[in-house]
Amino acid sequence: SAFILAFSIIMLNTDLHNPAIKEERRMTKEGFIRNNRGICDGGDLPQELLSSIFDRIQKDPISLKEDDEARERVGDGKK
């Protein structure tokens, strides 16, 4: 279940923070919780846990330092 949850979190991060995804197509908290049903040996993880994960990813995207630096260079017009 840890592998599935980790993958789900990465997909959530991409879905919420990719500018190519339209706002109306972004994953909702309810959708994230629904997508993670049954991943713990057929049972569900606590809804409070999944809700908290969603809120944290929505507020603070996962980002690598190298990606941040590349975005800054592109934003400054450097290559």
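These lines cover the structure that appears in this document, whether it is placed above or below. Position labels on residues start from 1 in each chain and follow its written sequence. With pLDDT at 70 or above as the cut-off, local features in this predicted model cover only qualifying residues; side-chain atom pairs require 80 or more to be listed or tallied, and sums for whole chains, interfaces and linings still use all residues. In computing side-chain values, all of the structure's heavy atoms are included and hydrogens and water are not.

Each Phe, Tyr or Trp ring, with Trp reduced to its six-membered ring, pairs with another whose centre is within 6.5 Å; inter-plane angles below 30 degrees give stacked pairs, above 60 give edge-to-face pairs, and intermediate values give tilted ones. Overall, the coordinates contain one aromatic pair when judged by the stated rule. Ring centres 6.3 Å apart and planes at 45° place the aromatic pair Phe 32 and Phe 54 in the tilted group. Of this pair, Phe 32 sits in helix α2 (residues 29-35) while Phe 54 sits in helix α3 (residues 47-59), and the two are 22 residues apart along the sequence. With relative accessibility at 0%, the residue Phe 32 sits in the buried group. Helix and strand definitions follow DSSP, with helices as H or I runs of at least four residues and strands as E runs of at least two, each counted in order from the N terminus. Buried residues are those whose accessible area, probed at 1.4 Å on protein chains only, stays under 20% of the maximum for their type, while exposed residues exceed 50% and partly exposed ones sit between those limits.

Under the 1.5 Å per step criterion, the end-to-end length of helix α1 (residues 2-17) is 22 Å for 16 residues, consistent within 8% with the ideal 22 Å. What α1 keeps buried is the set Leu 5, Ser 8, Ile 9, Leu 12, Asn 13, Asp 15 and Leu 16. Each buried residue of α1 sits inside an arc of 165° when the element is viewed along its axis, so together they form one side. Exposed and oriented more than 90 degrees from the buried face of α1 are Phe 3 and Ile 10. Working rule for contacts: check all heavy atoms of both residues, and any pair within 4.5 Å makes them a contact. Along its buried surface, α1 packs onto α2 and α3. Multiplying one less than the number of residues by 1.5 Å gives the expected span of a helix. In this context, the arc is that of the directions from the helix axis out to the C-beta atoms.

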